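Residue strings, one per chain:
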Amino acid sequence: MRSPDLARAVDLPRSFTAWALAHGLQRSLIQRGARKGDLISRMVMDPALRLDPFPAYEELRGRGVISANDLISASVDHAVCNEVLRSDAFGTAGGQGELPKPLQWLHHKVIDPDTLGPVDPPSMLAVDPPLHTRYRKQVARAFTARKVGRMGDRVSDVAGDLLDDLAGVEDFDLVERYASQLPVTVIADLLGVPEHDRGRLLALGNEAAVTLDPGLSWRQFRRAEVALREMHTWFRGHVERLREDPGDDLISQLILLDGPDRLDPVELHQVGLLVLAAGFETTVNLIGNAVAMLDGHPDQLRFLQENPDGWGNAVDEVLRHQSPVQLTLRIALRRTEVAGKVFEPGHGILLYLGGANRDPAVFANPAAFDVTRANADQHLAFSAGVHFCLGASLARLEAAVALRALYERHPDLHVAGRAERRGTRVLRGFERLPVRTTARVPG
Ligand code: HEM
């Protein structure tokens, strides 16, 4: 057997080729554009715009409903984003749609299945119908409104246990101790993940999350690859355990599928790991973003404390105002026209969900945060069309329960210390959000 170091060294050329095709070429073109001041390239590359992308969205909006550079189009327009996401003339094109066909083929050849990330096919997020329909049908069964509705008590219990663990603690990192723990516990239950594996998976997911971003550096890519490899190794062991001793979790159901529905091992990994990672890598941002926004708007927090039925709408307003997934990409599958612009096959469009959610044509005074906004739920934070977030009702439930329980237990909770944003561009949230409370002991 090869030692891990030798295996890594042997894999280096393959890994480098995979990086060059998926990110390297793109990165050098985007960097060149950004140096020339091209707005779309800056939106993809400029670190300042990662922290605060909103002024750039407004600049783009000022140029029209769709803007383009030599490589790609982009939109922050609600109607355009909605139309493209729902259109069968656009697809995800296997995550590498911007590459010419021969390079896409080469990428599929060189990529190691044990380092496939959430936007690499055959992830559900990266394939189009009919393959997408086949995967989605299997997973959707676990997330019907009825099933999610029945999870309310379990989510409340998880929130209660986490808050009990914090009893007497006055200063803590909200992300580490609460916002990340609640979703990982809930999704781990759904996927049969043992309790002792959850902490490690959280850390790995956090390192791999950057693979959602375009134009990664070689260093970022390598670090994420190491995390992804460990996740795949863990998942293989998890599948073996469940094959021997199936439970009533989603992964056991997927393993037991038979006939044409049966998933091959690579499909099973991609579907399972996507649901796992999507389950905890996004809701953590929603909860953290909510606490940060409410901290800046104490009058609105007071309103919610007095009117707890308002938490559901408040969650939608956070999703709109601080969208945890800021952007996605679609590629034209055939010649088509949107808002008067012709898209040739293979032409891509960056859809800034976080910008569409501040479109003044849909949301009055869109930059204002207002937990009572009547049409807050018209946001595109969960996307639209065939890839509409499968976990949307679960995420809404988790966030509303988590926030209500947090502020019931700690009415005076406030941000205290330097909050740190995540280093990701597609995902918007906090790495660290230090908070302080007077730590009332329950009872
Ligand atoms: C605040 C929390 C969440 C946000 C903002 C969010 C956002 C999104 C978005 C924007 C997409 C579609 C991306 C695209 O169209 O390219 C998506 C897809 C997906 N989400 Fe979520 N998500 C959240 C929570 C969850 C949770 C809790 C789960 C699972 C339990 C989940 C599972 C999925 C899955 C499986 C897909 C792929 C669906 C498909 O391709 O058909 N998400 N999510």
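Here's what I pulled together on the structure shown here. As the structure is a prediction and not an experimental result, all values here were calculated from the model.

Criteria and thresholds
Residues numbered from 1 in each chain as written. Predicted model: local features only at pLDDT ≥ 70, side-chain atom pairs only at ≥ 80, totals over all residues. Heavy atoms only, no water. Helix = DSSP H or I, 4+ residues; strand = E, 2+ residues; numbered from the N terminus. Buried < 20%, exposed > 50% of the residue type's maximum accessible area, 1.4 Å probe, protein only. Near = heavy atom within 4 Å. Polar contact = N/O pair within 3.5 Å; in protein donor to acceptor, adjacent residues only side chain to side chain. Nonpolar A, V, L, I, M, F, W, Y, C, P; charged D, E, K, R; others polar.

1. A word on unusual backbone geometry
Working note: non-glycine residues mostly have negative phi, and peptide bonds are mostly trans. The omega torsion across Pro121 and Pro122 is 5°, close enough to zero to call that bond cis. Looking at where Pro122 falls in the secondary structure, it is placed in the loop between helix H6 (101-110) and helix H7 (131-140). The step from Pro129 to Pro130 runs through a cis peptide bond, and the omega angle for that step is 10°. Considering the arrangement of structural elements, one finds Pro130 in the loop between H6 and H7. Phi is positive for Asn365, which is not a glycine, with a value near 45°. Secondary-structure assignment places Asn365 in the loop between helix H19 (353-356) and helix H20 (392-409). Here Asn365 falls in the exposed class, since its relative accessible area comes to 57%. Although it is not a glycine, Ser383 adopts a positive phi angle of roughly 70°. With respect to the element layout, Ser383 can be found in the loop between H19 and H20.

2. Looking at the site of the ligand
Around the ligand sit 26 residues, and of these His132, Arg136, Thr328, Ser383 and Cys389 come closest. Measuring from an oxygen atom of the ligand, one finds a side-chain N or O atom of Arg330 at 2.8 Å. Listed by contribution, the elements that provide at least two residues to the shell around the ligand are H7, helix H15 (265-281), helix H16 (283-296), strand E5 (327-332) and H20. Split by residue class, the shell around the ligand holds 16 nonpolar, 8 polar and 2 charged.

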